[in-house]
Amino acid sequence: MDFTYDVIVIGAGHAGCEAAAAAANMGARTCLITIDMTKMGQMSCNPAIGGIAKGQIVREIDAMGGYMGIVADASAIQFRMLNRSKGPAMWSPRAQCDRARFVANWRHILENLPNLNIWQDTVTELLVEEGRVVGLRTLQGAEFKAGSIVLTAGTFLNGLMHIGHVRMPGGRISEPASYGLTESITRHGIRQGRMKTGTPVRIDARSVDFSLMERQDGEDDFHRFSFMPSERSLRQMCCWTCFTTEKTHEILRSALADSPLYNGQIQSIGPRYCPSIETKLFTFPDKDRHQLFLEPEGEDTNEMYLNGFSSSMPMDVQIRALKEIPAFRNLVVYRPGYAIEYDYFDPTQLKASLESKVIGGLYMAGQVNGTTGYEEAGGQGLVAGINASLASRGENPMILGRDESYIGVLIDDLITKGVDEPYRMFTSRAEYRILLRQDDADIRLTEKSYRLGLATEERYRRLVSKRDAIDRLIEFCNTFPIKATLINPVLEELGTTPLREGCRLSDILGRPQVTLAGITPHIKALARKINAIEEERREEIVEAAEIRIKYSGYIGRERMIADKMVRLENIRIKGRFDYSTIQSLSTEARQKLTRIDPETLAQAGRIPGVSPSDINVLLVLMNR
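Just so we're clear, the structure is a prediction, and the values are computed from it rather than from any experiment.

The rules behind these values
- Residues numbered from 1 in each chain as written.
- Predicted model: local features only at pLDDT ≥ 70, side-chain atom pairs only at ≥ 80, totals over all residues.
- Heavy atoms only, no water.
- Helix = DSSP H or I, 4+ residues; strand = E, 2+ residues; numbered from the N terminus.
- Contact = heavy atoms within 4.5 Å.
- Disulfide = S-S within 2.5 Å.
- Buried < 20%, exposed > 50% of the residue type's maximum accessible area, 1.4 Å probe, protein only.
- Phe/Tyr/Trp six-rings, centres within 6.5 Å; stacked < 30°, edge-to-face > 60°.
- Lys NZ or Arg CZ within 6 Å of the ring centre and 35° of its normal.

K.L.:
Teacher, can you tell me more about the side chain of Lys54 here?
P.N.:
For Lys54, the location among the structural elements is in helix α2 (residues 54-63). Ignoring anything within four residues of it in the chain, the contact list for Lys54 reads Thr372, Gly373, Glu375, Glu376 and Arg424.

Encoded structure:
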């Protein structure tokens, strides 16, 4: 075998799978190295994809030619659009997935990609010469050569699992940790830290009394993660909810001395927005119950995931506490919850391309950058894979802006602000979230991906067709006249104020009570226009057009603000200043600007501790 490649990806989690697929699809000769080929794309925790802001990231990955959305659709056993009670900027798709099918679908894709080889092994050493990666060595003694390496090791670097006082080395339950690689990286000056995450107990469905739980069904409409056509081939299933009890809390509180989180056994910081059940008791002492979600792991297994009960308490404590919940009185579990500590690297030492500022050719993505979540990992992996491939042929990197995607927001937050706890994406982190809706990710990003050679011809053709159909429908609504006498009975029936005079169709669509679906039966010309749209994408196109009509004022205003900020993004300052000598900057600004060395003035302004007056000082020094 020839062990020389253009791009090597270390780790086959969600970041690694997307990175390897992107690099290979762009023509780079790529190798994906993983400890276990049967676990590629493994859902280590919750068997679900998407959620608040995370669903938008999945649609962005799909729009860029990635595979997470396609795999999630093919594996879905329940789909829901979250936050429908709010505006469309907040709508977030989420799918419960069959865990085994998800892995099998990813493996089928990866094993059949041209330009991609897979090697099962553990990487133990990074090879660096004159400040650049040249290859790596593995536990089995293989030596690989490559000028671009993407590190996506997840929780495996010096991974240590905790169940009460029991400590076990490993990257996931029953899977070995990776040793040596962290040390071979940090010896070159890259800063390393430790983080913690956890996962809940897995329950045998045969031991649950579902009559004492509340059922949650999914939705069955046109919404999917992928913009490419797909059918839900798996049986659709429901989830269930219940609550902890005061007796549950008493048992957990009485055993806090045995909790690794509170007895000093775990020193690292866990995810704030996915706390363990013992952390919930400590943080919310006045709450007498906490909601739990029981979610199926697949269509043909009795294994279920108890969302909301992540824990590292002793095994017997977890089981005794759960048995105090009426639905779990006869509980049988497959395995208890556990916490895991692992190494990560300071993401402020990365460029916006996710290439290390310290070691050239080394790209990092996923939990090694201090993030948490499959979707955040997948988005980083896609960007790292694209840029590793571009670098292998001597081309400039692809950078996603904060006004272009949630992935751009995520990466900019990491490299600018750093992390002191596992980073999770929320819609509130995006200042332009009206521009970053889940319904228009393909319109925002597919053309960029197509120019990179990543999005296929078929995907691009579908984008153009959809975009043109939306534009034609919006143009029709903006120009079609409505007579008050004809539409007023409909408006009164919908509970909104009648018109005093005629107006354009788009004017009445701006009302919250009026929808295209509601008024189409009453306007024959509109019905003909909508029926002329291809049936396969008709609902998707109508929804997208309606959102743009209803929120056109908000969208236009936010686009104007974003365009103004782009001017600062275009003022490049990297390498232009010795910040330590600029006395007119605050001491904190001097220290942080020196440490992060931002690429642009806009990025400098987003660094915590750099004030607007500090930015003005830099503008004056640049004669701007």
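That covers the picture; the talk isn't over yet.
K.L.:
Teacher, can you tell me more about the state of the cysteines here?
P.N.:
What makes a disulfide is a covalent bond joining the sulfur atoms belonging to two cysteines. Tallied over the entire structure, the rule returns 0 disulfides. The thiol of Cys242 is unpaired, and the distance to the nearest cysteine sulfur, on Cys239, comes to 12 Å. Since its relative accessible area comes to 6%, Cys242 is described here as buried. As a non-bridged cysteine, Cys503 has Cys477 as the owner of its nearest cysteine sulfur, 12 Å distant.

K.L.:
Quick question: what am I supposed to make of the packing of aromatic side chains here?
P.N.:
The geometry of an aromatic ring pair comes down to the distance between the two centres and the angle between the two planes. A full pass over the atoms with the stated rule returns 13 aromatic pairs. Here the aromatic rings of Phe210 and Trp240 are separated by 4.8 Å at their centres, their planes lie at 45 degrees, and the arrangement is tilted. Placement of the pair is Phe210 in the loop between β13 (192-204) and β14 (214-216) and Trp240 in strand β15 (residues 239-243), with a sequence separation of 30 residues. Classification of Phe210 by relative accessible area gives partly exposed; the value is 24%. Aromatic rings pair up to connect Phe3, Tyr5, Trp119 and Phe144 into one cluster. When the ring centre of Tyr5 is taken as origin, the NZ or CZ atom of Arg29, which lies over that ring, is 4.4 Å away. Directly above the aromatic system of Tyr423 lies the positively charged group of Arg429, at a separation of 4.2 Å from the ring centroid.

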